[in-house]
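# Inside the fold
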Amino acid sequence: MSAPQEANPVAESPVAAKPLAESPAVETPAEESPVLYERRGPVAFVTMNRPRYRNAQNSAMTYALDAALYRAADDGEVKVVVLGGAGDHFSAGHDIGTPGRDAHLPFDRRAGLWWDHSDKQGAESRYARESEVYLGMCRRWRELPKPVIASVQGACVAGGLMLAWVCDLIVASEDAFFADPVVRMGIPGVEYFAHPWVMPPRIAKEFLFTGDRISAQRGYEVGMVNRVVPRAELAERTVELAERIAQMPRLGLALTKRAVNQAEDLQGMHAGMDSVFGLHHLAHAHNAEVATDSLGGMDIAAMKQKAGGA
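Notes on the structure follow. (Residues numbered from 1 in each chain as written. Predicted model: local features only at pLDDT ≥ 70, side-chain atom pairs only at ≥ 80, totals over all residues. Heavy atoms only, no water.)

### Overview of the sheet that holds strand β8 (residues 214-215)
Spatially, β5-β7-β8 is the arrangement adopted by the three strands of the open sheet, whose pairing is mixed. Of all the strands in the sheet, just β5 (155-157) and β8 have a single pairing partner and so form its edges. Bridge analysis of β5 against strand β7 (residues 177-179) gives three bridges, and the strand direction is parallel. When the bridges of β7 are listed, V157 appears paired with A179. Relative to β5, helix α3 (residues 159-166) is tilted by about 95 degrees, and along the sheet it contacts β5 and β7. (Pairing = 2+ DSSP bridges. Helix = DSSP H or I, 4+ residues; strand = E, 2+ residues; numbered from the N terminus. Contact = heavy atoms within 4.5 Å. Axes fitted to C-alpha atoms, helices over the stretch in contact; angles between N-to-C directions.)

Written out as structure tokens, the structure reads:
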């Protein structure tokens, strides 16, 4: 491994240099960042840092991730990015119930031109916000012109899937599991609807219809995961792969990534996501009319109960 060239003290985190560090949404002490950034030689490490909440993604984390990935893109020394999560889990998904939930707060928009959602109501608010922080951000990150490797342990659920799927490669520990249980809310999958492209359509249907977890090994068998490794070796094996890729020419990597992304879009990925995003919001609106809220009355406890207490 290369000797560290940039350490990751909190003062060096991408959030510390951004207005997000002062956001009222950050529930951790001011000196802690929801995302950590470190560079070792040609590899940048971007780490979600809410382990107490299984790295649930609030808006503060989302914009911190954007700042970190932009930083990696802008650094000429970085050739490969590794995205991971601190603690036992990669990410349990979007924040729907921690003390740091901040869906109601305004943030400076980065991924599109939709208006501020925080002073709007109903579908106008939700559609604007999710166009920005979910679908828009994921599309923005997918186009980062450097290879990104997801290093996944433990839970990779719903919004966590979205983050893993925007990465070019996925290295998963043997204890990792993947799930998109939002059909329990009456919603047809997460906002970044990559399911039919990251796995065969019939597998995607089963995955969504049941809401069941699939193991890292099953993810490998259906082509969603590149490598499955022992948990104790996850960091080392991910770094080995990143450093091997970093030996390739930067422009060659960028053009190759762009070529494959374009092929996916020609197969309908971009237009398909737009279509399903509309269905996703139809489901939210239906829930708001007939249930207690736009999530169909489902909170963290109810989702765990439906999943058998997991």
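Moving on from the model shown.
### What about the side chain of H281?
With respect to the element layout, H281 can be found in helix α9 (residues 269-290). Judged by its relative accessible area of 10%, H281 is buried. Beyond its immediate sequence surroundings of up to four residues, H281 is in contact with R126, Y127 and E130. (Buried < 20%, exposed > 50% of the residue type's maximum accessible area, 1.4 Å probe, protein only.)

### As for the sheet that holds strand β9 (residues 227-229)
One open sheet holds the six strands; their spatial order is β1-β2-β3-β4-β6-β9, and the pairing between them is mixed. Where the open sheet ends on each side, the last strands, each with one partner, are β1 (35-40) and β9. Ignoring which end each strand starts from, the neighbouring axes of this sheet average 20 degrees apart. Pairing analysis gives three bridges linking strand β3 (residues 80-85) to strand β4 (residues 148-152), with the strands arranged parallel. From the neighbouring strand, V82 faces β4, where its bridge partner is I149.

### Re the pattern of salt bridges
This model, assessed by the stated rule, comprises 17 salt bridges. In this structure, D88 and R231 form a salt bridge, with 4.0 Å as the shortest nitrogen-oxygen distance. Separated by 143 residues along the polypeptide, D88 in the loop between β3 and α2 (122-142) and R231 in the loop between β9 and α7 (234-245) bring together distant segments of the chain. Between R237 and E233 there is a salt bridge whose closest N-O contact spans 2.8 Å. (Salt bridge = Lys/Arg side-chain N within 4 Å of Asp/Glu carboxyl O.)

### Description of the packing of helix α1 (residues 59-74) against α2
Working note: a packed helix pair is described by the angle between its axes plus the distance between those axes. Their axes nearest at 11 Å, the elements α1 and α2 cross at an angle of 25 degrees. Compared by their axis directions, α1 and α2 come out roughly parallel. Both α1 and α2 take part in a crossing whose hand is left-handed. Contact residues: α1 offers S59, T62, Y63, L65, D66, L69 and Y70, while α2 offers R129, E132, V133, M137, R140 and W141. Of the residues assigned to the contact of α1 with α2, the class counts are seven nonpolar, two polar and four charged. (Parallel < 35°, antiparallel > 145°, perpendicular 65-115°, else oblique. Left-handed = near helix turned anticlockwise from the far one by under 90°. Nonpolar A, V, L, I, M, F, W, Y, C, P; charged D, E, K, R; others polar.)

### So, α7
Between its first and last C-alpha atoms α7 spans 17 Å; for 12 residues at 1.5 Å apiece the expected length is 16 Å, and the two agree. Among the residues of α7, L234, T238, V239, L241, A242 and I245 are the ones counted as buried. Along α7, the residues classed as buried sweep out an arc of 165 degrees about the axis, all on the same side. (Expected span 1.5 Å × (residues − 1). Arc of directions from axis to C-beta.)

### What about the pairing of β3?
Walk down a regular strand and you will see the side chains alternate between the two sheet faces. In terms of burial, β3 is largely enclosed, as six of its six residues are buried. Neither face of β3 is left uncovered, since the one carrying V80, V82 and G84 and the one carrying V81, L83 and G85 both have all their residues buried. Sheet topology places strand β2 (residues 43-48) next to β3; six bridges connect them, and they run parallel. Within the sheet, the bridge partner assigned to T47 lies in β3 and is G84. For the segment spanning β2, α1 and β3, crossover handedness is right-handed. (Right-handed = clockwise from strand over helix to strand, strands pointing away.)

By themselves these figures say nothing about function.
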